[in-house]
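# Descriptive structure summary
Residues per chain are reported as follows:
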Amino acid sequence: MDFLQPPGWVRPRGYSNGVAAKGRTICVGGMIGWDGQEQFHCDDIAGQTRQALQNIVEVLAEGGAKPEHIVRMTWYVIDKKEYVAAYKEIGAAYRDVIGKHFPAMAAVQVAGLIEDKARVEIEVTAIVPD
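Residues numbered from 1 in each chain as written. Predicted model: local features only at pLDDT ≥ 70, side-chain atom pairs only at ≥ 80, totals over all residues. Heavy atoms only, no water.

### So, the packing of aromatic side chains
Applying the stated criterion across every chain yields a total of 4 aromatic pairs. Ring plane angle 50° and centroid distance 5.6 Å describe the contact between Trp34 and Phe40, whose orientation is recorded as tilted. For the pair Trp34 and Phe40, one class covers both residues: buried. Centre to centre, the rings of Tyr94 and Phe102 are 5.7 Å apart; their planes meet at 10°, and the pair counts as stacked. Overall, the relative accessible area of 6% leaves Tyr94 in the buried class. On the basis of relative accessibility, which here comes to 29%, the residue Phe102 falls in the partly exposed class. In this structure an aromatic cluster arises from ring pairing among Trp75, Tyr83 and Tyr87. (Phe/Tyr/Trp six-rings, centres within 6.5 Å; stacked < 30°, edge-to-face > 60°. Buried < 20%, exposed > 50% of the residue type's maximum accessible area, 1.4 Å probe, protein only.)

Written out as structure tokens, the structure reads:
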């Protein structure tokens, strides 16, 4: 896996500008902050983010992938201010579950998610080396 950082660009904090990788591609659909039985255990964005990330790791494991194989993440949040206010807690959850691996990422504020109680949804692409 090669992290793509053009010369002279400021290094992004918490993500990478681009990633190049070869191998088996695993796409993880949007994961929200409920457990495997579709039960929410918290209402706050940081707690739901932690659960969504744990869900991602479990799905990746089913395909023989680990968090370090993630090359791309897209985060959908329903409230940008809530997301920004929880940066510290979200960052701690990310490091606890994913580690210090920072793939290419985008975060988008959306009008709503299909599950009304969901505060965040995260989709992932991972590439497991050949």
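### Examining helix H1 (residues 45–62)
The end-to-end C-alpha distance of H1, which contains 18 residues, comes to 26 Å, matching closely the 26 Å that a straight helix rising 1.5 Å per residue would cover. On its buried face, H1 is in contact with strand S3 (24–32), strand S4 (70–77), helix H2 (80–85), helix H3 (87–97) and strand S6 (120–128). For H1, the capping residue at the N-terminal end is Asp44, with a side-chain oxygen 3.4 Å from the backbone nitrogen of Ala46. Gly64 sits one or two residues past H1 and shows a positive phi near 80°. (Helix = DSSP H or I, 4+ residues; strand = E, 2+ residues; numbered from the N terminus. Expected span 1.5 Å × (residues − 1). Contact = heavy atoms within 4.5 Å. Polar contact = N/O pair within 3.5 Å; in protein donor to acceptor, adjacent residues only side chain to side chain.)

### Looking at the pattern of salt bridges
Opposite charge on two side chains permits them to pair, given that their charged atoms come into close proximity. Under the counting rule described, the total for this entry stands at 3 salt bridges. Between Lys117 and Asp43 there is a salt bridge, and its shortest N-O distance comes to 3.4 Å. One end of the pair, Lys117, is in the loop between strand S5 (104–109) and S6; the other, Asp43, is in the loop between S3 and H1, with 74 residues separating them in the sequence. Here Lys117 falls in the partly exposed class, since its relative accessible area comes to 41%. For the salt bridge of Arg50 with Asp96, the shortest nitrogen-to-oxygen distance reads 3.0 Å. (Salt bridge = Lys/Arg side-chain N within 4 Å of Asp/Glu carboxyl O.)

### Observations regarding the side chain of Gln48
You can see Gln48 is positioned in helix H1. The exposure class assigned to Gln48 is buried, which follows from its relative accessible area of 0%. For Gln48, the contacting residues outside a window of four places in its chain are Gly33, Phe40, Cys42, Asp43, Lys117, Ala118, Arg119 and Val120.

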